[in-house]
Amino acid sequence: MRKALQPLEGEIIVVDNASVDDTLSFLSACFPEVVVLQNDDNPGFSKANNQALRIAKGKYVLFLNPDTIVPEDCFVEFIRFLETHPLAGACGVRMIDGSGQFLKESKRGFPTPWASFSKITGLSDVFSSSRFFSAYYLGHLNSLQVQEVDALAGACMIVQRNILEDIGGFDERFFLYAEDIDLSYRLKQNGYYNYYLPYPAIIHFKGESTQKGLQYISQFHKAMEQFVEKHGDRSSAFMNALIKNGVALKSMLAGWKYTLLPDDREARRTTEEKDISFFLMGDEASSREAELILTPSPVNRAQSPEQMNVVLCEGRNFPFSSMINLVDKEPGKKYWFHAKGSSAVIASFSKDKRGKIKYSSTSVQ
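Residues numbered from 1 in each chain as written. Predicted model: local features only at pLDDT ≥ 70, side-chain atom pairs only at ≥ 80, totals over all residues. Heavy atoms only, no water.

With respect to the nonpolar core
Nonpolar side chains in soluble globular proteins tend to end up buried together. Test applied: By nonpolar core is meant a set of buried Ala, Val, Leu, Ile, Met, Phe, Trp, Tyr and Cys residues that side-chain atoms within 4.5 Å join together. For every residue, the accessible area obtained with a 1.4 Å probe (protein chains only) is divided by the maximum for its type, and the residue is called buried under 20%, exposed over 50%, and partly exposed between those limits. Going along the chain from the N terminus, every DSSP run of H or I of four or more residues is numbered as a helix, and every run of E of two or more is numbered as a strand. By definition in these notes, contact holds between two residues if any of their heavy atoms fall within 4.5 Å.
In terms of nonpolar packing, the biggest core is built from 23 residues, with Phe-75, Phe-78, Cys-91, Met-95 and Ile-202 touching the most fellow members. Going through the elements one at a time, helix 1 (2–5), helix 4 (74–84), strand 5 (88–96), strand 7 (156–160) and strand 8 (193–204) are the ones with two or more residues in this core. Of the residues forming this core, the biggest block, 5 residues, is contributed by helix 4. Discounting chain neighbours no more than four positions away, the residues touching Cys-91 are Phe-78, Leu-82, Leu-152, Cys-156, Met-157, Ile-158, Tyr-195 and Leu-197. The next biggest cluster of nonpolar side chains, apart from the first, holds 21 residues, and it includes Phe-45, Phe-63, Phe-170 and Leu-183.

Structure, rendered in structure tokens:
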């Protein structure tokens, strides 16, 4: 993010919701220019974003999840687009996960009764390209073209600050989930347009900011109910009730799944990590750093990377934009990422699996 901001005049604000690791000390030591707002508890996504919004000084405000990698030209392209589209209230970007798979929530329709019903019943998955059945994810729209859409993802959304202030920022009744849909809805109600941009793409290690489980299921479906209650068609009481009951049923079934199925993720992780081999590619200096971090795991730069974990090493000769383009064009591999000068190598192979990290006990200089 720091490198993407270099061509611009801007600030980075981090809101820490009572983290229990060494996040705060790490930020102060490695990123002294970052403004940190520290909360004693977790007030939720909406409240935290509004805290940052109240002290932000820029013409534009970018909301960005911490579990993302952005290319160096990302912010410049965002602002260029907004400057040439005065009625653009907000814009978002095409997101891929750590293995290069497109994340459908990059562009969404509003959760109307029918769109919600199709999503809840799985019809949107079966007919993923249908305008009729896949209205929630706008499956009929080309993900490689600029599109005007209903809703953008709060994981990466840039909005004009004066517009945010006019409409009141995020609705703090939404603790987590649906707050971005609600904001997108209110932007359109006030005469603005939401745009989806296919390039430059970003990597979103989906699920790393919230691990899926019973708490996740409860929060997600509660948010959907809140949106229906706030914006639902009052003349369609039957459909609204159907959606609420469908949400509750899906939440209950998903809850049984997590309760009845044994959670053997740690056992699988131990098995998966035996005899892992890594193929390093990218910047030479960054590769040497990554190799030290990965020791004693076997590292092979000569062998074909097809059946190996590929470590993309960022640096002057291999910027983040090149890393993301490679992952985007060759999805499906087990990609790891190393930023030059950092003491960690990270990966997230699927939006449904917990991420992985290997790190050195001392900072790489």
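Focus: the pattern of salt bridges
Selection rule: Salt bridge, as used here: a side-chain nitrogen of Lys or Arg that lies within 4 Å of a carboxyl oxygen of Asp or Glu.
Counted by the stated rule, this structure contains 15 salt bridges. Between Glu-83 and Lys-59 there is a salt bridge, and its shortest N-O distance comes to 3.2 Å. Of this pair, Glu-83 sits in helix 4 while Lys-59 sits in the loop between helix 3 (45–55) and strand 3 (60–64); the two residues are 24 residues apart in sequence, bridging distant segments of the chain. A residue is classified by how much of its surface remains accessible, and Glu-83, at 44% relative accessible area, is partly exposed. The partner of Arg-173 in a salt bridge is Asp-171, with the nearest N and O atoms 2.7 Å apart. The exposure class assigned to Arg-173 is exposed, which follows from its relative accessible area of 56%. When its relative accessible area of 11% is taken as the criterion, Asp-171 is described as buried. Put simply, Glu-148, Asp-150 and Lys-188 are held in one network by salt bridges that share partners.

Worth remembering: the numbers are spatial, not functional.
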